[in-house]
Amino acid sequence: MAVQVPTKSVPYKEKAPFDYSSYMRKGKLPHIWCPGCGHGIVLKSLLRAIHATGMPQNDIAIVSGIGCSSRTPGYVDFNTLHTLHGRVLAYATGLKLAKPKLKVIVTTGDGDALAIGGNHFIHACRRNMDMTVLVYNNYIYGMTSGQSSPTTPQSMIATTARYGSIEPVFNTCDIAKAAGATFVARGTAYHCQELEKTLYDAIMHKGTAVVDILDSCPTYYGRFNKFKNASEMMEKIEKDGTVSVTQAAKMTPEQLQGKLLRGIIHKAERPEYCEEYERLMAKAQGK
Ligand code: SF4
Ligand code: MG
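Structure report, in brief.

Calculation rules
Along every chain, residues carry numbers that run from 1 in the direction the sequence is written. Just so you know, chain letters begin at A and ligand numbers begin at 1, following the order they were written in. In view of the model being predicted, local features appear only for residues whose pLDDT reaches at least 70, and side-chain atom pairs are presented and counted only at 80 or more, with totals across whole chains, interfaces and linings using the full set of residues. Think of the side-chain values as coming from all heavy atoms in the structure, minus any hydrogens and water. Lines fitted to C-alpha atoms define the axes, with helix axes restricted to the stretch in contact, and inter-axis angles between N-to-C directions lie between 0 and 180 degrees. A run of H or I in DSSP becomes a helix once it reaches four residues, and a run of E becomes a strand once it reaches two; helices and strands are each numbered from the N terminus. Geometric relationships in this document are graded by angle, where less than 35 degrees denotes roughly parallel, more than 145 denotes roughly antiparallel, 65 to 115 denotes roughly perpendicular, and other angles denote oblique. In this scheme, a crossing is called left-handed if the near helix is turned counterclockwise away from the far one by less than a right angle; it is called right-handed if the turn is clockwise. Whether two residues touch is decided by their heavy atoms; if any such pair falls within 4.5 Å, the residues are in contact. Just so you know the grouping, Ala, Val, Leu, Ile, Met, Phe, Trp, Tyr, Cys and Pro go in nonpolar, Asp, Glu, Lys and Arg go in charged, and all remaining residues, Gly too, go in polar. Two strands are counted as paired when DSSP detects at least two bridges linking them. Detection works on a 1 Å grid of protein atoms alone, calling trapped sets that fit a 1.4 Å probe cavities and calling open sets with protein on both sides within 12 Å along at least five of seven lines pockets, with lining residues defined by an atom within 4 Å of a point. Grid points are joined across faces, edges and corners, and a volume is the space filled by probe spheres set on the points. Note on classification: 1.4 Å probe, protein chains only; a residue is buried when its accessible area is under 20% of the maximum for its type, exposed when over 50%, partly exposed between these limits. The directions from the helix axis to the C-beta atoms are what the arc is built from. By the criterion used throughout, a crossover qualifies as right-handed when its path from the first strand across the helix to the second strand runs clockwise, the strands pointing away from the viewer.

As a further point, take the packing of helix α5 (residues 118-127) against helix α6 (residues 172-179). Packing of α5 against α6 leaves a shortest axis separation of 7 Å and a crossing angle of 50°. As judged from the angle between their axes, α5 and α6 are oblique. As α5 packs across α6, the resulting crossing turns out to be right-handed. On α6, the residues that touch Phe 121, Ile 122, Cys 125 and Arg 126 of α5 are Thr 172, Ile 175, Ala 176 and Ala 179. Partitioning the contact of α5 with α6 into residue classes produces six nonpolar, one polar and one charged.

Sheet topology note: the strand β5 (residues 183-188)/strand β8 (residues 260-267) ladder contains four bridges and is antiparallel. Bridge assignment links Phe 183 to a residue of β8, and that residue is Lys 267. Pairing of strand β7 (residues 242-244) with β8 involves three bridges; the strand directions are parallel. Across the sheet, the residue bridging to Val 243 is Leu 261, located in β8.

What follows is about the layout of surface pockets. Taken as a whole, the largest pocket encloses approximately 330 Å³ of empty space. Around the largest pocket sit 18 residues that line it, and Tyr 139, Thr 151, Pro 153, Val 169 and Leu 260 are the ones nearest its centre. Residues of the lining of the largest pocket, tallied by class, amount to ten nonpolar, six polar and two charged.

Since there are 3.6 residues in each turn of an α-helix, residues three or four apart along the chain are aligned in direction. Among the residues of α5, Gly 118, Phe 121, Ala 124 and Cys 125 are the ones counted as buried. Each buried residue of α5 lies within a common arc of 125° when the element is viewed along its axis, so the set occupies one face. Elements that come into contact with the buried residues of α5 comprise α3 (88-98), α4 (110-116), β4 (131-137), α6 and β6 (208-214). At the C-terminal side of α5, Asn 128 shows a positive phi close to 60°.

Within β6, seven of the seven residues are buried, which leaves it mostly tucked inside the rest of the structure. Here β6 shows no split at all, with Thr 208, Val 210, Asp 212 and Leu 214 on one side and Ala 209, Val 211 and Ile 213 on the other all buried. Strand direction decides the pairing type here: β4 and β6, joined by seven bridges, are parallel. From the neighbouring strand, Met 131 faces β6, where its bridge partner is Thr 208. Pairing geometry for β5 and β6, over six bridges, is parallel. Directly across from Phe 183, in β6, lies its bridge partner Ala 209. With helix α7 (residues 192-204) bridging β5 and the parallel β6, this β-α-β connection has right-handed handedness.

Encoded structure:
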């Protein structure tokens, strides 16, 4: 049983022509996302990144949990699974073990991945199974009407934090790296072209690749926290609130205060889980 090994040394190169409609299930449109929601921009970057890899659609599975970002598999024409809240990585793990040749891409939200699914998240990172995990991080539970999540910044308002959240936040990338993910990156919907390249590198990486993607929920996070509109959210959170790893290398700790890094934050090589499992099975069978 051969494990799919992407041609990881091939650098990103835009591949023309790109036709969105060939990747979409048009019968499932219109989508449910609100005007100004960042998820559509992230989807566009994801489809363009997949297109650049040249992988056939039938070799890819898009798997999600529950939430607004988790609606993604419904709209795209790949092998798709829309599963239970917080349990996406358990489903993705089972799918990858059963069909190791598939390139498994997970679309999940900050609540889905880091709260109800937090346990699955750290253990998926620890195993280093070959899959790409996109955490759409809009600092709130969108679909269930704006409860605070593990990434809601302190003092910000949510349905469950009417006077401002007092809980310290999770940094998705720090957790992924500490738990053992071998590719850890961050992008934003604002920097959508840069995100496309980051997602390409994540997909081509062999092992667990986690990409924390800052995007906006104007309907709940934006409204509760008095942002004027979706573009102001993108400017303040995604543009002004982040710096690329290249820029950061030239900045002082004082200048970096309050900023999140963008780009590839951590990359390592470690045995991939399905390959190790295959070796183990061969040994057990005396081959
Ligand atoms: Fe996007 Fe928020 Fe609307 Fe959900 S509720 S679709 S996250 S803007
Ligand atoms: Mg969310």
